[in-house]
Amino acid sequence: MSNSFLEQTLAGKTCIALPYCLPNGTHVQVMDEGVIRFEPKNPGDRQLDMVLSCGIHGNETAPVELLDRIVSQILEGQLKVRARVLCVFGNIEAMRQGVRCIDQDMNRLFCRLPDVEDGDEARRAAMLEMQLMRFFSRSIQDSKPRLHYDLHTAIHGSLIEKFAIYPLPPQGRDFDPLQVARLASAGVDAVLLQSTTSTTFSFFSSQHCGAAAFTIELGRAMPFGQNGGVDLSKMQAYLEGLISGDLPDGDVVPAHLGLYKVSREIIKQSDAFVLHIDAKMDNFTPLAPGTILAEDEGMQYVVHETDARVIFPNPDIAVGQRAGLVIVPTESYLR
Ligand SMILES: O=C(O)CCC(=O)N[C@@H](CCC(=O)O)C(=O)O
Ligand SMILES: [Zn+2]
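None of these values were measured; they are calculated from a predicted model.

1. Quick word on the overall build of the protein chain
- Helix and strand counts for the protein chain stand at seven helices and 16 strands.
- Taking 335 residues into account, the globule formula puts the C-alpha radius of gyration at 20 Å, and the protein chain, at 20 Å, falls close to it.
- Buried positions account for 42% of the 335 residues belonging to the protein chain.
- Within the protein chain, counting contacts between residues at least 6 apart in sequence, those at least 24 apart form 74% of the total.

Set out below in structure tokens:
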């Protein structure tokens, strides 16, 4: 992958290039540092417009390496482009330093204009919002389906390694079973249906760009070059298929895919917050009814749900942010 788009970006060498054309007719434009757009030779024939993002958390490197492989394949002419595709490498400085974030968690900085605090990560999030609005405005004009996959890896282990978070749809819209079924063909084994608004990148594109958007967790966060244990072959084949115009056949959510709804988010209200469950617990670990999850300013969070599981337990976050999710299985209309 020498001299790849990622390597150039990390070395601070990306210049905003004018659109140019590959020998196979694909149009390429570098929109900003770490943001590159591909458009097919015959845009009228395309079936969808898609944003693929990674590295919103700088230490989640497996999806960054995956997206860099895809960008290289396109630039080298090995992958034919029959969709409009915007590839986003999110928090570049955090990637350089191998950390989740520098000052602020970028995935808590979307949908927050105009009251968001200033800072490099807030400015980058606002710039990415503008890039997506611009990218998808053409999709709206041309009535093309809009898709956004924001690719992550998790801090801890997980009883279900690959899962997606489906942001709460805009008012008047519902979760789309077709989108969930497609993810199953990409190796995703569970989907969590969100029940509240959010400040994540995928919530932004769902809410403000009308995209079918997901946060996708693809394994455990490891440093660059140490992702041999994460098998992304199904996801890679699926994304290559979408880019080259091969939509998956299945439109039924398979029985093996776990469907959960987010019952509640545990928000850290003060510095007195104490997590009572093991912060290193695997995602999807069952929580018995009556378990004390956490305490905060004299208030106890107790599991009252039947068949509850924990996702993303983490007390080391800023006040006001979420310290974990409680999810429950759901058998909804999706199946
Ligand atoms: O493992 C963890 O604790 C965090 C992994 C991660 O970054 N997850 C995303 C999920 C975003 C969403 O809820 O859509 C995050 O916390 O930003
Ligand atoms: Zn992440």
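Back to the write-up after that little detour.
2. Quick look at the environment of Asp105
- With respect to the element layout, Asp105 can be found in the loop between α3 (92–97) and α4 (120–141).
- Separated by 163 residues in the primary sequence, Asp105 and Lys268 have C-alpha atoms spaced 15 Å apart.

3. Brief notes about unusual backbone geometry
- Phi at Cys111 is positive, roughly 60°, even though this residue is not glycine.
- Unusually for a residue other than glycine, Phe284 sits at a positive phi of about 75°.
- In this structure, Phe284 sits in the loop between β11 (274–275) and β12 (285–287).
- Under the C-beta neighbour-count criterion, Phe284 is labelled partly exposed, with 19 such atoms within 10 Å.

4. So, the nonpolar core
- Counting residues in hydrophobic clusters, the biggest one holds 88 residues, and the most contacted among them are Leu52, Leu67, Val85, Ala164, Val191 and Leu192.
- No other element matches the seven residues that helix α2 (residues 61–75) contributes to this core.
- Mapped onto the domain boundaries, this core takes at least three residues apiece from domain 1 (5–169 + 189–243) and domain 2 (258–329).
- Setting aside its immediate chain neighbours within four residues, Ala164 contacts Leu183, Val188, Val191, Phe214, Thr215 and Ile216.

5. Examining helix α7 (residues 233–243)
- Along α7, the residues that are buried comprise Met235, Tyr238, Leu239, Leu242 and Ile243. Projected down its long axis, α7 shows its buried positions confined to an angular sector of 135°, all on one face.
- Of the residues flanking the end of α7, it is Gly245, one or two places downstream, whose phi is positive at about 95°.

6. A closer look at the sheet that holds strand β13 (residues 292–296)
- Read across the sheet, three strands follow the order β11-β13-β14 without closing on themselves; strand pairing throughout is antiparallel. Two strands lie at the open edges of the sheet, namely β11 and β14 (299–302), each paired on one side alone.
- Here β13 pairs with β14 via four bridges, running antiparallel. If you follow Glu295 over to β14, its bridge partner there is Gln300.

7. What about the site of ligand 1?
- Taken together, the neighbourhood of ligand 1 is formed by His57, Asn107, His152, Ala154, Ile155, His156, Ile165, Thr200, Ser202, Thr215, Phe312 and Asn314.
- For the shell around ligand 1, the class distribution of residues is four nonpolar, eight polar and no charged.

8. Observations concerning the UniProt feature "active site" (unreviewed entry) in the protein chain
- Taken from the UniProt record, the annotation "active site" (unreviewed entry) applies to Glu217.
- Mapping Glu217 onto the fold places it in strand β9 (residues 212–220).
- The exposure class assigned to Glu217 is buried, which follows from the 26 C-beta atoms found within 10 Å.
- If we ignore the near neighbours within four places in the chain, the residues touching Glu217 are His152, Thr153, Ala154, Lys162 and Phe163.

9. A short note on the packing of α4 against helix α6 (residues 201–209)
- Taken N-terminus to C-terminus, the directions of α4 and α6 make an angle of 40°; their axes are 11 Å apart at the nearest point. By the angle between their directions, the pair α4 and α6 is classed as oblique. The way α4 lies across α6 gives a crossing that is right-handed. Contacts between α4 and α6 involve Glu129, Leu132, Met133 and Phe136 on the former and, on the latter, Phe204, Ser205, His208 and Cys209.
- For the contact of α4 with α6, the class distribution of residues is five nonpolar, two polar and one charged.

10. Remarks on the environment of Thr196
- As for its position among the elements, Thr196 is in the loop between β8 (190–193) and α6.
- Overall, Thr196 belongs to the exposed group, with 11 C-beta atoms counted inside 10 Å.
- With near-sequence residues (within four places) excluded, Thr196 lies in contact with Leu168 and Glu265.

11. Concerning the domain arrangement of the protein chain
- With domains assigned, the protein chain is organised as domain 1 (5–169 + 189–243) and domain 2 (258–329).
- Its C-alpha centre places domain 1 at a distance of 28 Å from the equivalent point of domain 2.
- At the interface, 16 residues of domain 1 touch 16 residues of domain 2.
- Here the side of domain 1 that touches domain 2 gets four residues from one element, more than from any other, and that element is β8.

12. Digging into the confidence of the model for the protein chain
- Within the protein chain, residue pLDDT values average 95, and 99% of them lie at 70 or more.
- We note a pTM of 0.97 for the whole complex and an ipTM of 0.97 for its interfaces.

Rules used throughout
Residues numbered from 1 in each chain as written. Chains lettered and ligands numbered in written order. Predicted model: local features only at pLDDT ≥ 70, side-chain atom pairs only at ≥ 80, totals over all residues. Helix = DSSP H or I, 4+ residues; strand = E, 2+ residues; numbered from the N terminus. Rg over C-alpha atoms; globule rule 2.2 N^0.38 Å. Buried ≥ 20, exposed ≤ 12 C-beta atoms within 10 Å, placed from the backbone. Contact = placed C-beta atoms within 7 Å. Core = buried A, V, L, I, M, F, W, Y, C linked by C-beta atoms within 7 Å. Domains from an automatic or database assignment. Arc of directions from axis to C-beta. Pairing = 2+ DSSP bridges. Near = placed C-beta within 6 Å. Nonpolar A, V, L, I, M, F, W, Y, C, P; charged D, E, K, R; others polar. UniProt positions renumbered as here; feature names shortened; annotations may be inferred. Axes fitted to C-alpha atoms, helices over the stretch in contact; angles between N-to-C directions. Parallel < 35°, antiparallel > 145°, perpendicular 65-115°, else oblique. Left-handed = near helix turned anticlockwise from the far one by under 90°. pLDDT = per-residue confidence, 0-100.

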